[in-house]
Amino acid sequence: MDCVQSPVDRIVSGIMLLIVISLAVAYLGYECRYDGTKAIGLAGPVSFILIGFAVSKHHKRVPWRIVTHGILGQLLLGIFCLRVPFGRAIFECLGEKVTIFLNFAQHGARFVYGDRICDDYVFAFAILAVVFFFSVVSSIMYYLGWMQFILSGLGFLLQAMVGTTVCESVNAAANIFVGMSESPLVIRPYILILTVSELHTICTSGYATVAGTVLGAYVSFGASPAFLITASVMAAPGSLAFSKLFYPETEESLTRSDNIQLEKSEDTSILDAAASGAAAALMIVLGIVSNIIAFLAILFFLNALTEWTFELVGLKNITLLFLLSQAFVPIVFLMGVPWRDCQEVGMVVAEKSLINEFIAYKHLGQLVKDNKIGSRSASIATFALCGFANPGSLGILIAALSAMAPTRRSDITRVALRAYFAGSFVSFTSASFAGILIQDDFIS
């Protein structure tokens, strides 16, 4: 919570924020100097912030300092990763090494499933095999204490940059590496005493990012690993900003930097950690597969029903997903997607938001392969899809957090849906910034 400021301090803070915002807008305008169409992407973050304020739970309590610092942090990380040569080199190299590292999972998959299944990229076997590999590695890192060290450092940086509490910042940092149901485990002892706004932030961070365990699946569909990693890093401060915009703090936080201890691994050895990581991955894979089967079945049923209904009045090829995707066409246009590609990109963003990001990335990869959308549109879409905000994740997150803190279930369910939209806007804002910052030589 921010300390109480005098009127003079508020005026000075407001002036400083306006100066910083003006500099950020001026820089983005400079980036658009050779391509006026990029300037459309400037409307994206502004629109998303205005919508967030319009639906905010407590309009008068919005902490604009946190919101501004978080979104500026999101922009600065984007500049470092996409425009600064040193940062670009780091993340291009990191993306290549991550791809090589994750591909080692194929050796285990081929031994168990055979070359034919893996060569044909059967989703549940060849592609999701990487989930097992990464989960084991993450579990071992937790046992050795390396993950806690990394998260505490990143959490401190986020707290200093944005101004959120320790639990919120550490959880946001954890979501860069692990999934929305695993990251709260790091702060599990404190979930019972978190404020409602802090619970909303935990949910938003989960929806705004994707787990490292599934990056390999997206890469296999053709997504750039450097863009995926960049999107996850950018989402950390952005999720803190939008969470406080949608649900400002009105209570006094009971967590302080001097009374927070990160959860330690319960495993007794490296071998035990590897075994528990593999077992945990099985539930993740089963959850992914069951969600995809169920939601695709329901979607195609509703699509067929909608198409049949419209055929009765003489209209053909009108499906439910097509109708819902029309709402996303203006949204992707505000992100900076050229109008000629808005229909196709709007469809994949609708698939991500209404089904899941696996279906969307697979469709996006096919669009790129068939040259149906431009490279810049594909890059913007890669950022826009990089998040867990979908109906299936809504249930997964509620179940996971409720299991950790059963007495807070009513509070969790109360904020989960609002956090779903906040998390979506984080991904859309990263996509808007990426559309402006990405240069042609990066996507050629």
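So, here is what we can say about the structure in this document.

Quick notes on the rules
- Residues numbered from 1 in each chain as written.
- Predicted model: local features only at pLDDT ≥ 70, side-chain atom pairs only at ≥ 80, totals over all residues.
- Heavy atoms only, no water.
- Helix = DSSP H or I, 4+ residues; strand = E, 2+ residues; numbered from the N terminus.
- Buried < 20%, exposed > 50% of the residue type's maximum accessible area, 1.4 Å probe, protein only.
- Contact = heavy atoms within 4.5 Å.
- Areas by Shrake-Rupley, 256 points an atom, 1.4 Å probe, with all protein chains shown as cover.
- Patch = residues over 30% accessible without salt bridge, like charges linked within 9 Å, V, L, I, M, F, W, Y side chains within 5 Å.
- Salt bridge = Lys/Arg side-chain N within 4 Å of Asp/Glu carboxyl O.
- Phe/Tyr/Trp six-rings, centres within 6.5 Å; stacked < 30°, edge-to-face > 60°.
- Expected span 1.5 Å × (residues − 1).
- Bend = angle between axes of the 7 residues up to and from the residue.
- Axes fitted to C-alpha atoms, helices over the stretch in contact; angles between N-to-C directions.
- Parallel < 35°, antiparallel > 145°, perpendicular 65-115°, else oblique.
- Left-handed = near helix turned anticlockwise from the far one by under 90°.
- Polar contact = N/O pair within 3.5 Å; in protein donor to acceptor, adjacent residues only side chain to side chain.
- Nonpolar A, V, L, I, M, F, W, Y, C, P; charged D, E, K, R; others polar.

**A look at the overall build of the protein chain**
Phase 1: A tally of helices and strands in the protein chain yields 22 helices and zero strands.
Phase 2: Per-residue burial over the protein chain gives 51% buried out of 444 residues.
Phase 3: When contacts within the protein chain are restricted to residue pairs at least 6 apart in sequence, those whose partners lie at least 24 apart make up 79%.
Phase 4: Here the protein chain has roughly 19900 Å² of accessible surface; of this, 68% comes from carbon and sulfur atoms.

**Observations regarding a nonpolar patch on the surface**
Phase 1: On the surface, Ile298, Phe301, Leu302, Leu305, Trp308, Leu312, Val313 and Leu315 cluster together to form a nonpolar patch covering roughly 810 Å² of accessible area.
Phase 2: One can find Ile298 in helix α14 (residues 270–311).

**Examining the packing of aromatic side chains**
Phase 1: The final tally for this structure, using the stated rule, is 12 aromatic pairs.
Phase 2: Where Phe48 meets Phe428, the ring centres are 6.0 Å apart and the plane angle is 50°; that geometry is what we call tilted. Taken together, the positions of Phe48 in helix α2 (residues 43–54) and Phe428 in helix α21 (residues 409–437) put the pair 380 residues apart, joining distant regions of the chain. Neither residue differs from the other here; Phe48 and Phe428 are each classed as buried.
Phase 3: Cluster of aromatic residues (ring-pair linked, three or more members): Phe48, Phe246, Phe425 and Phe428.

**Let's talk about the pattern of salt bridges**
Phase 1: With the rule as written, the count across this model stands at five salt bridges.
Phase 2: Between Lys244 and Glu168 there is a salt bridge, with its nearest N and O atoms 2.5 Å apart. Of the two residues, Lys244 is situated in helix α13 (residues 225–246) and Glu168 in helix α10 (residues 166–174); the sequence distance between them amounts to 76 residues. No difference in accessibility class separates Lys244 from Glu168, as the two residues are buried.
Phase 3: Arg408 serves as the salt-bridge partner of Asp411, at 3.0 Å between the closest nitrogen and oxygen.

**Brief notes about α13**
Within an α-helix, residues lying three or four positions from one another point in the same direction, as the helix has 3.6 residues per turn.
Phase 1: Taking 1.5 Å of rise per residue, the 22 residues of α13 would be expected to cover 32 Å, and the 30 Å separating its terminal C-alpha atoms lies within 8% of that figure.
Phase 2: Where α13 bends most, the angle comes to about 35°, and this point is Ala236, followed within four residues by the proline Pro237.
Phase 3: For α13, the buried fraction is high: 22 of the 22 residues fall into the buried class.

**A closer look at the packing of helix α9 (residues 146–162) against α13**
Phase 1: One way to put it is that α9 packs onto α13 with a least axis distance of 11 Å and a crossing angle of 45°. As summarised for this structure, α9 and α13 are arranged oblique, according to the angle between their axes. Of the two elements, α9 crosses α13, and the hand of that crossing is right-handed. Along its contact with α9, which presents Leu158, Met161 and Val162, the element α13 presents Ala236, Pro237 and Leu240.

**Focus: the environment of Ile187**
Phase 1: Along the chain, the position of Ile187 falls in the loop between α10 and α11 (196–208).
Phase 2: Placed 19 residues apart in sequence, Ile187 and Glu168 show a C-alpha to C-alpha distance of 9.1 Å.
Phase 3: When residues no more than four places from it in sequence are discounted, the contact partners of Ile187 are Cys167, Val170, Asn171, Leu194 and Ile202.

**Examining the environment of Ile331**
Phase 1: Mapped onto the elements, Ile331 comes out in helix α16 (residues 329–334).
Phase 2: Accessibility expressed as a relative area gives 21% for Ile331, which makes it partly exposed.
Phase 3: Measuring from C-alpha to C-alpha, the distance between Ile331 and Phe48 comes to 9.3 Å, with 283 residues separating the pair along the chain.
Phase 4: Once you skip the residues sitting within four places of it in the chain, Ile331 turns out to touch Phe48 and Phe428.

**Quick word on the side chain of Ser393**
Phase 1: With respect to the secondary-structure elements, Ser393 resides in helix α20 (residues 391–404).
Phase 2: Residue Ser393 is classed as buried on the basis of its relative accessible area, which comes to 5%.
Phase 3: Of the polar contacts made by the side chain of Ser393, one reaches the backbone oxygen of Phe388; its length is 2.8 Å.
Phase 4: If we ignore the near neighbours within four places in the chain, the residues touching Ser393 are Met180, Tyr207 and Phe388.

**Comments concerning unusual backbone geometry**
Phase 1: Despite not being glycine, Asn317 has its phi angle at roughly 60°, a positive value.
Phase 2: When you line up the elements, Asn317 lands in the loop between α14 and α15 (320–325).
Phase 3: Residue Asn317 is classed as exposed on the basis of its relative accessible area, which comes to 60%.
Phase 4: Positive phi values are uncommon outside glycine, yet Asn371 reaches one of about 55°.
Phase 5: With respect to the secondary-structure elements, Asn371 resides in the loop between α18 (357–369) and α19 (375–384).
Phase 6: On the basis of relative accessibility, which here comes to 66%, the residue Asn371 falls in the exposed class.

**Remarks on the side chain of Ser377**
Phase 1: Relative to the helices and strands, Ser377 resides in helix α19.
Phase 2: Residue classification places Ser377 among the buried positions, given a relative accessible area of 1%.
Phase 3: Only 2.7 Å separates the side chain of Ser377 from the side chain of Asp341, close enough to count as a polar contact.
Phase 4: Sequence-distant contacts of Ser377, defined by excluding residues within four places in its chain, comprise Val337, Pro338, Asp341 and Val345.

**Section: the packing of α20 against α21**
Phase 1: Orientation of α20 relative to α21, taken along the N-to-C sense of each, is 150°, at an axis distance of 10 Å. The orientation of α20 relative to α21 falls into the category roughly antiparallel. Our pair here, α20 against α21, has a crossing hand that is right-handed. Contacts between α20 and α21 involve Pro391, Leu394, Ile398, Leu401 and Ser402 from the first element and Arg409, Ile412, Thr413, Ala416, Leu417 and Tyr420 from the second.
Phase 2: Of the residues assigned to the contact of α20 with α21, the class counts are eight nonpolar, two polar and one charged.

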